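Chain by chain, the residues:
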There are 2 protein chains.
Amino acid sequence: MIELADVQAAAQRLHGVAHRTPVLTSRTLDALAGASVFVKAECFQRGGAFKFRGAYNKIASLPANERAQGVLAYSSGNHAQAVSISARLLGIPATIVMPEDAPTAKLEATRGYGAEIVMYDRFADDREEIGTRLAEERGLVLVKPYDDPLVMAGQGTVALELLVEVPHLDLLVTPVGGGGLIAGCATVAKSLRSDVRVVGVEPATGNDTAQSLAAGTRVNIGVPRTIADGLQAPEPGELTFEVNRELVDEIVTVSDEEIVEAMAFLFDRMKLVVEPSGAAGVAALLNGRVHGTAVGVVISGGNVGVQRFAELVGGS
Amino acid sequence: MIELADVQAAAQRLHGVAHRTPVLTSRTLDALAGASVFVKAECFQRGGAFKFRGAYNKIASLPANERAQGVLAYSSGNHAQAVSISARLLGIPATIVMPEDAPTAKLEATRGYGAEIVMYDRFADDREEIGTRLAEERGLVLVKPYDDPLVMAGQGTVALELLVEVPHLDLLVTPVGGGGLIAGCATVAKSLRSDVRVVGVEPATGNDTAQSLAAGTRVNIGVPRTIADGLQAPEPGELTFEVNRELVDEIVTVSDEEIVEAMAFLFDRMKLVVEPSGAAGVAALLNGRVHGTAVGVVISGGNVGVQRFAELVGGS
């Protein structure tokens, strides 16, 4: 479990390094959701997603001698960029283990931040095995994408900033992948205001956290098929689940179609570029899955290429 | 001519009504532009563009008896929405004269704000004639899109906000259509800091203001062909030109291709939805047409549909 003080310490480390992302409002969204909605736009975070907060908090907390050799992560998504940027800022090398069929744009972006990329065949190789071996051989520290107290605490700074700006929230909505974002945010929200409800949103096909909460234990559903590539965790993290079973009030789900509609709404009416995973919270609001009076909703990221965006949304 | 006091009065009227839009930064943009760049994101303004500032300032300044019958505008673009929203906020009717082949989305948006739409055939009818006749018949006040001191003063609040937030700018860059935005912004910039350069950006095919400044008198170039539909004025406004010939340091131009590249950059790297006209300033920066150390650039609007965006940018 983590505590408010851990998130406050993360906020100190991130001060002047992470962007304090804007909180945006839209009268149209308010009318459609039947609530005052406050959108925390993490698409404007460094690396295009909230992931930077957790990665930087973790790496900056490592003792100098531990991190001197560098850090390693396996990810083809936002965590890879977050670790790469953090390592560069802290002057240490980063190694990222990525599938060889990862989108060129993501490979380029990660390389652009100065990371060394080690590719693997995701049909033949086990990335965890490769990662563990590399970490041992080279003396690198593995930075997990969510199942780490320092990562969770970093992600919690999203809610800390939002609640300072909008203290009267009665509902906080975030997407749920591995559960790090909601774990950090719920820790903050419940500490600062015991009466704020915290609701997570999963893809309908990827409701591993919903199933796990219902079962009272972690359920592995395999890698779900969904356009929300950031929410494809097959099961909750061990540590994140311990936090979330205590603090999260409810998990709701949205379909891929609802996610695409929310992406189009955010583009048309709010002028925001939001990736599928990032739009899950707004999709839940637009489809009446969550109800509140003053609602904070986290847009977790905006890393979607123009081509992919046009494919997904252009047809709607 | 207008003065700083006019813009300050506009700021008072707009306080709590217009959005105070965020100023965004990007390390990638800084690196590409070789400067510290501060992006004033008017795509987040009400109605999706800076136009709301001028329209509201004008309509709110009308004596109650003059505005009681309502206001009229002819526009198929952002000015139509700006006038409609302003009229609704002030509780008076708005009539918008629009071509019958205007995009359905723009017709719907304008109607959605409660305006009455009068359609005309732009190949057979003269919209000014229709507008003037309607205004007389119905006792409506015509709200011009730029050639009005109150409209210019309203647009100047963009620069007022930007210079309060970033006082050390040495260059301010804005798109130029009819010239209202740059007239208001130059008035503010030159009053607050005599050493800040003010540079306007026009489409290469639509450089009526550049030609007019060179000629020392207004030059009409006909309606230019460009994707930047907000910058298609055939000639500078009468009043705006008087201001701009005094205060604008330079006009540079960008091609439609450069605009599309800037739209893609803003989407990919800054997660912003920006319409072609809105991206002109960033296009000038990315292509080395303007040079400064601390550069303010106005993104004038974000009203571009998903389909159109995909057509323009998806192919690049």
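Keep in mind that what you see is a predicted model, and the values were worked out from it rather than measured.

Asker: Break down the overall build of chain A for me, citing the residues and quoting the values.
Answerer: When helices and strands are counted, chain A shows 14 helices and 10 strands. Taken over C-alpha atoms, the radius of gyration comes to 18 Å for chain A, in line with the 20 Å a tight globule of 316 residues would show. With respect to the principal axes defined by its C-alpha atoms, chain A has extents near 55 × 45 × 40 Å. The buried share of chain A, reckoned over its 316 residues, is 59%. Intrachain contacts of chain A at a sequence separation of at least 6 include 71% that bridge at least 24 residues. Element-wise, carbon and sulfur atoms account for 47% of the exposed surface of chain A, whose accessible area totals about 12000 Å². The averaged location of the 38 negative side-chain charges in chain A is 5 Å from the averaged location of its 27 positive side-chain charges.

Asker: Describe the environment of Ser86 of chain B, naming the residues involved and giving the relevant values.
Answerer: Residues and elements named next belong to chain B. Mapped onto the elements of the fold, Ser86 is located in helix α5 (residues 78–90). Relative accessible area serves as the criterion here: at 0%, Ser86 is assigned to the buried category. Along the backbone, Ser86 and Arg53 are 33 residues apart, and their C-alpha atoms lie at a distance of 9.0 Å. Beyond its immediate sequence surroundings of up to four residues, Ser86 is in contact with Phe52, Ala55, Tyr56 and Ile59.

Asker: Break down the relation of the copies chain A and chain B for me, with residues and values.
Answerer: Between the two copies, chain A and chain B, the superposition gives an RMSD of 0.0 Å; the rotation angle is 180 degrees and the shift along the axis is 0.0 Å. Such a turn and shift between the copies fits a two-fold axis.

Asker: So what's going on with the sheet that holds strand β10 (residues 294–299) of chain A? Residues and values would help.
Answerer: Adjacent strands of a sheet form backbone hydrogen bonds with each other and so pair up, either parallel or antiparallel. Residue and element names in this part refer to chain A. Judged by pairing direction, the sheet is mixed, and its 6 strands sit side by side in the order β1-β2-β10-β7-β8-β9 without closing on themselves. Either end of the sheet is taken by a strand with one partner, and the two such strands are β1 (23–24) and β9 (250–254). Here 3 bridges tie strand β7 (residues 171–175) to β10, and the two strands are oriented parallel to one another. Across the sheet, residue Val173 finds its bridge partner in β10, namely Val297. Relative to the sheet, helix α8 (residues 149–165) contacts β1, β2 (36–41), β7 and β10, its axis offset from that of β2 by approximately 140 degrees.

Asker: Can you lay out the packing of α8 of chain A against helix α9 (residues 180–192) of chain A for me, pointing to particular residues and giving the numbers?
Answerer: Residue and element names in this part refer to chain A. At a closest axis distance of 7 Å, the pairing of α8 and α9 adopts a crossing angle of 45 degrees. In terms of their interaxial angle, α8 and α9 are classed as oblique. The two elements α8 and α9 cross, and the hand of that crossing is right-handed. Here Met152, Gln155, Gly156, Val158, Ala159, Leu160 and Leu163 of α8 lie close against α9, whose contacting residues are Gly180, Leu181, Ala183, Gly184, Cys185, Val188, Ala189 and Leu192. The class makeup of the residues in the contact of α8 with α9 is 11 nonpolar, 4 polar and no charged.

Asker: So what's going on with the packing of helix α1 (residues 4–14) of chain A against helix α3 (residues 51–61) of chain A? Residues and values would help.
Answerer: Residues and elements named next belong to chain A. Two elements in contact, α1 and α3, have axes whose closest approach is 10 Å; the angle formed by their N-to-C orientations is 90 degrees. Put simply, α1 runs roughly perpendicular to α3. Between α1 and α3, the contacting residues are Ala10, Arg13 and Leu14 on the first element and Phe52, Arg53, Tyr56, Asn57, Ala60 and Ser61 on the second. A breakdown of the residues in the contact of α1 with α3 according to their chemical character gives 5 nonpolar, 2 polar and 2 charged.

Asker: An account of the nonpolar core is requested, with residue identities and associated values reported.
Answerer: Judged by nonpolar contacts, the single largest core of 90 residues is most densely connected at Phe44, Leu266 and Leu272 of chain A together with Phe44, Leu266 and Leu272 of chain B. Apart from the residues within four sequence positions on either side, Leu266 of chain B is in contact with Lys271, Leu272, Val274, Ala279, Val282 and Ile299 of chain B. Counting residues in each nonpolar core, the second largest holds 34 residues, with Val7, Phe50, Leu163 and Leu169 of chain B among its members.

Asker: Mind laying out a negative patch on the surface, listing which residues take part and the relevant values?
Answerer: Residue and element names in this part refer to chain A. The grouping of Glu100, Asp125, Asp126, Glu128 and Glu129 at the surface amounts to a negative patch. Looking at the element boundaries, Glu128 is found in helix α7 (residues 127–138). Under the relative-accessibility criterion, Glu128 is labelled partly exposed at 46%.

Asker: Explain empty space enclosed by the protein residue by residue, including any values.
Answerer: According to the stated counting rule, one finds 1 cavity of 30 Å³ or more in the structure shown. Of the pockets and cavities examined, the largest cavity occupies roughly 30 Å³. Every residue lining the largest cavity is listed: Phe267, Val306, Phe309 and Ala310 of chain A together with Phe267, Val306, Phe309 and Ala310 of chain B. Elements represented by at least two residues in the lining of the largest cavity include exactly α14 (306–313) of chain A together with α14 (306–313) of chain B. Residue composition of the lining of the largest cavity, by class: 8 nonpolar, no polar and no charged.

Asker: Give me the sheet that holds strand β4 (residues 94–99) of chain A: which residues, what numbers.
Answerer: Residue and element names in this part refer to chain A. Read across the open sheet, the 4 strands follow the order β5-β4-β3-β6; overall the sheet is parallel. Looking at the sheet topology across the chains shown, the edges are occupied by β5 (116–120) and β6 (141–142). Contacting β3 (71–74) and β4, helix α5 (residues 78–90) crosses the sheet at an angle of about 165 degrees to β4.

Asker: Requested: an account of helix α7 (residues 127–138) of chain B, with residues and values cited.
Answerer: All names here are of chain B. Between the first and last C-alpha of α7 there are 16 Å, a value that for 12 residues agrees with the 16 Å anticipated at 1.5 Å per step. Of the residues making up α7, those classed as buried are Ile130, Gly131, Leu134 and Ala135. Within α7, the buried residues cover an arc of 125 degrees as seen down the axis, which keeps them to one side. Turned more than 90 degrees off the buried face of α7, the exposed positions are Glu129, Glu136 and Glu137. Lining the buried residues of α7 we find β3 (71–74), β4 (94–99) and β5 (116–120). For α7, the N-terminal cap is Asp126; the gap from its side-chain oxygen to the backbone nitrogen of Glu128 is 2.8 Å.

Asker: Report on the pattern of salt bridges, specifying residues and quantitative values.
Answerer: Counted by the stated rule, this structure contains 30 salt bridges over all chains. For Arg193 of chain B, the salt bridge identified is with Asp195 of chain B, shortest N-O distance 2.9 Å. Several salt bridges share partner residues, and in doing so they unite Lys40, Glu42, Arg53 and Glu161 of chain A into one network.

Asker: Give me the side chain of Ser212 of chain A: which residues, what numbers.
Answerer: Residues and elements named next belong to chain A. In this fold, Ser212 is placed in helix α10 (residues 208–215). Ser212 sits in the buried class, given a relative accessible area of 0%. Within polar-contact distance, the side chain of Ser212 engages the backbone oxygen of Asp208 at 2.6 Å.

Asker: So, the interface of chain A and chain B: which residues are in play, and what are the values?
Answerer: In this complex, chain A contributes 28 residues to the contact, which on the side of chain B involves 29 residues. Summed over both sides, the interface of chain A with chain B buries roughly 2200 Å², with 59% coming from carbon and sulfur. Summed over the three residues of chain A that lose the most area to chain B, namely Phe267, Lys271 and Val306 of chain A, the buried surface amounts to 31% of that side. One can count 0 salt bridges joining chain A with chain B. Along the contact surface separating chain A from chain B lie 10 residue pairs in polar contact (both at pLDDT 80 or more). Listing elements by their share of the side of chain A that touches chain B, those giving two or more residues are α12 (256–270) and α14 of chain A. In the side of chain A that touches chain B, the residues fall into 14 nonpolar, 9 polar and 5 charged.

Asker: Describe the packing of aromatic side chains, listing the residues and the values that go with them.
Answerer: Any two aromatic rings considered together are summarised by their centre-to-centre distance and by the angle between their planes. Considering all chains together, one arrives at 7 aromatic pairs over all chains under this definition. Consider the rings of Phe44 of chain A and Phe44 of chain B, whose centres lie 6.1 Å apart with planes at 80 degrees: the pair is edge-to-face. With Phe44 of chain A in the loop between β2 and α3 and Phe44 of chain B in the loop between β2 (36–41) and α3 (51–61), the pair connects residues from two separate chains. One aromatic cluster in this structure is built from Phe267 and Phe309 of chain A together with Phe267 and Phe309 of chain B.

Procedures and definitions
Residues numbered from 1 in each chain as written. Chains lettered and ligands numbered in written order. Predicted model: local features only at pLDDT ≥ 70, side-chain atom pairs only at ≥ 80, totals over all residues. Heavy atoms only, no water. Helix = DSSP H or I, 4+ residues; strand = E, 2+ residues; numbered from the N terminus. Rg over C-alpha atoms; globule rule 2.2 N^0.38 Å. Buried < 20%, exposed > 50% of the residue type's maximum accessible area, 1.4 Å probe, protein only. Contact = heavy atoms within 4.5 Å. Areas by Shrake-Rupley, 256 points an atom, 1.4 Å probe, with all protein chains shown as cover. Lys, Arg positive; Asp, Glu negative; His and termini not counted. Charge placed at Lys NZ, Arg CZ, Asp CG, Glu CD. Least-squares fit on C-alpha atoms with pLDDT ≥ 70 in both. Pairing = 2+ DSSP bridges. Axes fitted to C-alpha atoms, helices over the stretch in contact; angles between N-to-C directions. Parallel < 35°, antiparallel > 145°, perpendicular 65-115°, else oblique. Left-handed = near helix turned anticlockwise from the far one by under 90°. Nonpolar A, V, L, I, M, F, W, Y, C, P; charged D, E, K, R; others polar. Core = buried A, V, L, I, M, F, W, Y, C linked by side-chain atoms within 4.5 Å. Patch = residues over 30% accessible without salt bridge, like charges linked within 9 Å, V, L, I, M, F, W, Y side chains within 5 Å. Salt bridge = Lys/Arg side-chain N within 4 Å of Asp/Glu carboxyl O. 1 Å grid on protein atoms, 1.4 Å probe; cavity = no way out; pocket = protein on both sides within 12 Å on 5 of 7 lines; lining within 4 Å. Points joined across faces, edges and corners; volume = space filled by probe spheres on them. Expected span 1.5 Å × (residues − 1). Arc of directions from axis to C-beta. Polar contact = N/O pair within 3.5 Å; in protein donor to acceptor, adjacent residues only side chain to side chain. Buried area = accessible area lost by both parts, 1.4 Å probe. Phe/Tyr/Trp six-rings, centres within 6.5 Å; stacked < 30°, edge-to-face > 60°.

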